[in-house]
Amino acid sequence: MTTTVERTPVQEEVAPAQRGDKVGPALLTVLTWIIGIGFFFPILWMVLTAFKQEADAYTTPPTLFFTPTLDQFAEVFDAGIGPYLLNSLFATVMSTIFVLALAIPAAYAVSLRPVKKTQDVLFFFISTKMLPVVAAIVPIYVVVNDIGMLDNVWTLIVLYTAMNLPIAVWMMRSFFQEVPKELLEAASMDGASLWRSMREVVLPVVSPGIAATSLICVIFAWNEFFFAVNLTAAQAATVPVFLVGFITSEGLYFAKLCAAATMCALPVVIAGWIAQNKLVQGLSFGAVK
C-alpha cells in the first residue's frame, strides 16, 4: 500500500525562503571581499613593484610575472634613508607620548568630572582644527626662525603634539564616558585617591581606547608632510620628505619609489599589527551595552 504525502502551500514556500536566507549572506560576503581587495590592491601593487627592475615597472601592460630583485631596496639604503627613519620615529613616538600625557587628564576632566563650560572647552579643542595649516605656516615659520628652531626635530614634536591633541581629547572623551561611574564611586568609598583611581581603575578599562588613539596619532604624525617639508632641511627631515626626493627632473623612479614607500609604511603596519587586539576593542568600545 503506497501512501502519498501532499505538500501544502506553506511547505512549498519554506524552501525558497531558506534558499534566499543563504544567498543573501553569501552575496554580502563576496561583495565584502571584493571591496576589501579593492582597497588592498594598491598596497599589494606597490609592494610587488618594489621588487621589480625599473624597466619592468614601466611596461604596458604591466608585467605580472618577473624575477624578484632587492636592487631597489639596496639603492634606497644607499640613498641614506636611515636618518629620515630615525627622525620620523623619534618625532612620532615623542609626540604621541606627549599627546597621551595631555589628552588623558583632559578627557577625564571633561567626561567624568565635567563643569558648566565643558562644551565650550570641547568646542575650543576642535576649533583649532578648523584653520587650514597653510594659513598658519607663515607665522609659524617666522616664530620658529626667530627662536632658532628651524630644521630641529623638537619643532616637529611640538607641532605634531598640537596637531593631534584635539583629536585625541575627543576620542578619549568618548571612551571615558563608557566607564561605569559605579567603579569610581566604589574606589572613592575605599579611600582611593584620584591618581590611584585613574591608574588602577580607569586606565585599565579604557586601555583599548588608549591603543586606538595612540595608533591614530602615530599614523597622523608619521605621514605628516607639510610641516616637515617647510620647517626642516637636512638635519630633521622625515620620511615623507625623503620620498619626494625620488621625483626628479629626470623623471620618476617608480620601482625605487615603491621600495622606499614600502619601507616607510612598514613601521606603521608593524605598530598596527602589534596593537590589533586592543585596536579592535577600542574601535568597538561602547558599541555593545
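For the structure itself, consult the block above.
A.B. asks: I'm lost on helix α10 (residues 207–223) in this one. Help?
C.D. replies: Think of an α-helix as 3.6 residues a turn; residues three or four steps apart then line up on the same face. The terminal C-alpha atoms of α10, which comprises 17 residues, lie 24 Å apart, in line with the 24 Å expected from a rise of 1.5 Å per residue. Burial of α10 is extensive: 12 of the 17 residues sit out of reach of the surface. Among all positions of α10, only P208, G209, I210, A211, A212, T213, S214, L215, C217, V218, A221 and W222 are buried.

A.B. asks: Would you explain the packing of aromatic side chains in this entry?
C.D. replies: One pair of aromatic rings is described through two measures. These are the centre distance and the angle between the planes. Counted under the stated rule, the structure contains 5 aromatic pairs. Centroid distance F51 to F73: 5.1 Å. Interplanar angle 50°. Geometry classified as tilted. Here F51, found in the loop between α1 (9–50) and α2 (54–57), pairs with F73, found in helix α3 (residues 71–78); they are 22 residues apart in sequence, far enough to count as distant. Of the residues examined, F51 reaches a relative accessible area of 28% and is grouped as partly exposed. Residue F73 is classed as buried on the basis of its relative accessible area, which comes to 15%. On the basis of an interplanar angle of 80° and a centroid distance of 6.0 Å, the ring pair of Y108 and F176 is categorised as edge-to-face. Here Y108, found in helix α4 (residues 81–111), pairs with F176, found in helix α7 (residues 153–176); they are 68 residues apart in sequence, far enough to count as distant.

Rules used throughout
Here the residue numbers are simple positions, counted from 1 along each chain's written sequence. For this predicted model, a pLDDT threshold of at least 70 governs which residues receive local features, and a threshold of 80 or more governs which side-chain atom pairs are given and counted, while totals over whole chains, interfaces and linings are taken from all residues. In computing side-chain values, all of the structure's heavy atoms are included and hydrogens and water are not. Here a helix means four or more residues in a row that DSSP labels H or I, a strand means two or more in a row labelled E, and each is numbered from the N terminus. The span expected for a helix works out to 1.5 Å for each residue beyond the first. Under the scheme applied here, a residue whose accessible area is under 20% of the maximum for its type counts as buried, over 50% as exposed, and between as partly exposed, the area being computed with a 1.4 Å probe on protein chains only. Stacked, tilted and edge-to-face pairs are distinguished by plane angle, under 30 degrees for stacked and over 60 for edge-to-face with tilted covering the rest, among Phe, Tyr and Trp rings (Trp via its six-membered ring) whose centres lie within 6.5 Å.

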